[in-house]
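Residue strings, one per chain:
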Amino acid sequence: MSWVPLTSLFVAAWLATYAQTQFPMVRLAFGIPFCILPALAAYVAMNHSILITTVFTVVTALGVDSLSANRFGVSVVPFFLFGFIAHISRHVLLQDQRYTQFWLGFTGGILVPLGTLAMLFLGQREPMFGSVTIRQLLLLGLLNGLVCPAFFWLFDRIQQGFDYQPLAVPSFRPDREIKRGRT
Amino acid sequence: MSLKRVHFLTLSITLMLALLLLNLPAGASTRLKLGFGGVFLPLFGLGAAAQSFVDRAAWSAVPRRSLISEIERLQKDNAQLQFEVAQGNVARQERDRLAQDLAWVRKSPWKLKPARVIGREPTTWWRTVQIDFGARDGARVNQSVLTPGGIVGRINAVGYDRSQVALVGDVDCGLAVIVAETRDNGIIKGPQTSAEYGLMEMSLLQNSPQLMAGHAVVTSGLGGVFPKGIPVGRVADTRPMEAGLFTTARVQLGANLNRLEEVWILL
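The paragraphs below set out a description of the structure included in this document.

Reading the values: the criteria
Residues numbered from 1 in each chain as written. Chains lettered and ligands numbered in written order. Predicted model: local features only at pLDDT ≥ 70, side-chain atom pairs only at ≥ 80, totals over all residues. Heavy atoms only, no water. Helix = DSSP H or I, 4+ residues; strand = E, 2+ residues; numbered from the N terminus. Contact = heavy atoms within 4.5 Å. Buried < 20%, exposed > 50% of the residue type's maximum accessible area, 1.4 Å probe, protein only. Buried area = accessible area lost by both parts, 1.4 Å probe. Polar contact = N/O pair within 3.5 Å; in protein donor to acceptor, adjacent residues only side chain to side chain. Pairing = 2+ DSSP bridges. 1 Å grid on protein atoms, 1.4 Å probe; cavity = no way out; pocket = protein on both sides within 12 Å on 5 of 7 lines; lining within 4 Å. Points joined across faces, edges and corners; volume = space filled by probe spheres on them. Nonpolar A, V, L, I, M, F, W, Y, C, P; charged D, E, K, R; others polar.

## Focus on the environment of Leu24(B)
For step 1, the next point in the chain: The topology assignment puts Leu24(B) in the loop between helix H1 (3–22) and helix H2 (26–37).
For step 2, the next point in the chain: Non-local contacts of Leu24(B), meaning those with residues more than four positions away in its chain, are made with Arg71(A), Ser29(B) and Leu32(B).

This is how it looks when you write it as C-alpha cells:
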C-alpha cells in the first residue's frame, strides 16, 4: 500500500482544521464555521482499518480542540464514536452510492457537534445553545453531506492513482485450450 | 486476534485516553492544548503572508490619481489630528496639575499594542478569536482587547506567540458596565446567542426609568478585569423586568465582532 493516499488524508484534515478557523464570510453569511471534518472522518471510516480510523478521528478532534475554547479532549469521544460506528456498519452501507455518502456526511455533520455539546453540558460548562443551534446543526449537516461525495470521489482517485493496481487475470486458461489436429 | 476483539480494544483505549485528557489539571490541559495547536502555526503564518500579499496586490491595482488624492486627504486629517493631540496634551497637563493640587491619584493613559486576528472559533458554541499576540509580546490573561469602536473582549488563554480572546457575549467574558448619561450600573454576561447581530442583553442592577435608547454604555471598572471608561456601545431598547424592579436593556455593541481583523491590547 502506498503512503501517499493516507498522508493526503491527514494533510487534508490539517488544512480542514485550519480552514475551520478562517473564512469569515461563510460564518457571516450562514452563522457556521467551514467545518468539513466529519465528512472526512466518514470517508476514512468507510475505506480504512479501525486503527487508522481511530488515529485519524482522535488526532482531528484534538486539532479542533487545540484551536477552540473547548476543553482539550472534549471532542475526542464524539468524533471517535462517529468514526467507529460508521466503520463497523460499513458492510451494510452502499458506500459507492452518492446518496449514501451524502447521508453519511449529513449524519456526521450533525452528530459530531451535537455529541460535543452533550459532552460540554456533562462537563458543567455553559456553551451557547438555543433555537439558533438547531439551524446551525442542520446547516453543518448539509455542508458535510454535500462535501462527503466530493471527498469520496477525490480520495478514491488519489487511491487509484498512487496505490498498486491488482494484477489483471489473463483470460487464457490452459485447460480450456482447444487442441487442434490429430493426436 | 478476532475483528471484534480489535474493535473492543480500540474502543476501550480511546475512551480511556479521552477520560485521561478530560481529567488533566487545568494548567497541564492548557499547556498541552497550546502545544498541540502549534502544529497549525505554519498555516497561520502562511495565511497572514497571503493576506498581506493580497492587500499589496489590491493596492497596486489602485490608480495613481486615487492614491495621490488619498494621500492629500490623509495629510489634512493628520494635520487636524496633530492639533487635537496638542490640545489634548494641554488639557492633560492641566488635569494632572489640578489633580496634584487636589491630591488625586493620577491616572495613567492607556497603553495599547496592536494585534492581528489570525483565526476564529472553529465551533458554534463559543465566541473566541485567536490573535498573533502572545507571551513573547507581553500578553497576560485578562488583558482587555479593544477596537476604535469599543470593547471586544478579554484574553483568556496565552500561548508563546498567540492568544485566545473571549469575545463579549461568550460565557468567559462578563462585563460590568455603566450608562454614561444616567450612571446606572449593569452587567452584560454570556452566553448570548443574539450576539451574532451585535446586540447584547444588559441587566441593570436597579430599575431605571430615565434610561433611553441611544445612551452610551461604558465599562464601570467593577470586577477588576476591565478598566473604567472603555466604550461598549449604545442602548438599543429597554424593558422593565420582575414587575418593574429591574430594567433590562439591549446594547448595540460599538465594535463589530463579526468583522474583526485588527485589535488593540490594553497593556
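## A word on unusual backbone geometry
Residue and element names in this part refer to chain A.
For step 1, the next point in the chain: Even without being glycine, Phe23 reaches a positive phi, approximately 55 degrees.
For step 2, the next point in the chain: Turning to its location among the elements, Phe23 is positioned in the loop between helix H1 (4–19) and helix H2 (24–30).
For step 3, the next point in the chain: Look at Phe23 and you get partly exposed, because its relative accessible area is 42%.

## Brief notes about the interface of chain A and chain B
For step 1, the next point in the chain: In this complex, chain A contributes 52 residues to the contact, which on the side of chain B involves 50 residues.
For step 2, the next point in the chain: Taken together, both faces of the contact between chain A and chain B bury some 4400 Å²; the carbon and sulfur share is 70%.
For step 3, the next point in the chain: For the pair chain A and chain B, the number of links is 16 residue pairs in polar contact (both at pLDDT 80 or more).
For step 4, the next point in the chain: Taken together, the elements giving at least two residues each to the side of chain A that touches chain B come down to H1, H2, helix H4 (50–66), helix H5 (76–88), helix H6 (98–122) and helix H7 (131–162) of chain A.

## Considerations on the pairing of strand E6 (residues 175–179) of chain B
Residues and elements named next belong to chain B.
For step 1, the next point in the chain: A large share of E6 lies buried, amounting to five of its five residues.
For step 2, the next point in the chain: Alternating positions in E6 separate into two faces, Leu175, Val177 and Val179 on one and Ala176 and Ile178 on the other, with burial throughout.
For step 3, the next point in the chain: Note: E6 against strand E7 (residues 185–188), four bridges, orientation antiparallel. Across the sheet, the residue bridging to Ile178 is Asn185, located in E7.
For step 4, the next point in the chain: Counting the residues that bridge the hairpin from E6 to E7 gives five residues, and of these Arg183 lies at a positive phi of roughly 60 degrees.
For step 5, the next point in the chain: Note that E6 and strand E9 (residues 216–219) share three bridges and pair antiparallel. Within the sheet, the bridge partner assigned to Val179 lies in E9 and is Val217.

## Details of the layout of surface pockets
For step 1, the next point in the chain: Computed from the structure, the largest pocket encloses a volume of approximately 550 Å³.
For step 2, the next point in the chain: Residue lining of the largest pocket: 21 residues in total, with Gln51(B), Arg116(B), Val117(B), Arg120(B) and Glu261(B) positioned closest to the centre.
For step 3, the next point in the chain: Those elements that place two or more of their residues in the lining of the largest pocket are H2 of chain A together with helix H3 (41–60) and strand E1 (112–120) of chain B.
For step 4, the next point in the chain: Considered class by class, the residues forming the lining of the largest pocket number eleven nonpolar, four polar and six charged.
For step 5, the next point in the chain: Size it by volume and the second largest pocket reaches roughly 350 Å³.
For step 6, the next point in the chain: Along the wall of the second largest pocket there are 20 residues; nearest its centre are Ala69(A), Asn70(A), Thr30(B), Lys33(B) and Gln164(B).
For step 7, the next point in the chain: Going through the elements one at a time, H2, strand E4 (150–158) and strand E5 (163–167) of chain B are the ones with two or more residues in the lining of the second largest pocket.
For step 8, the next point in the chain: A per-class count over the lining of the second largest pocket returns five nonpolar, ten polar and five charged.

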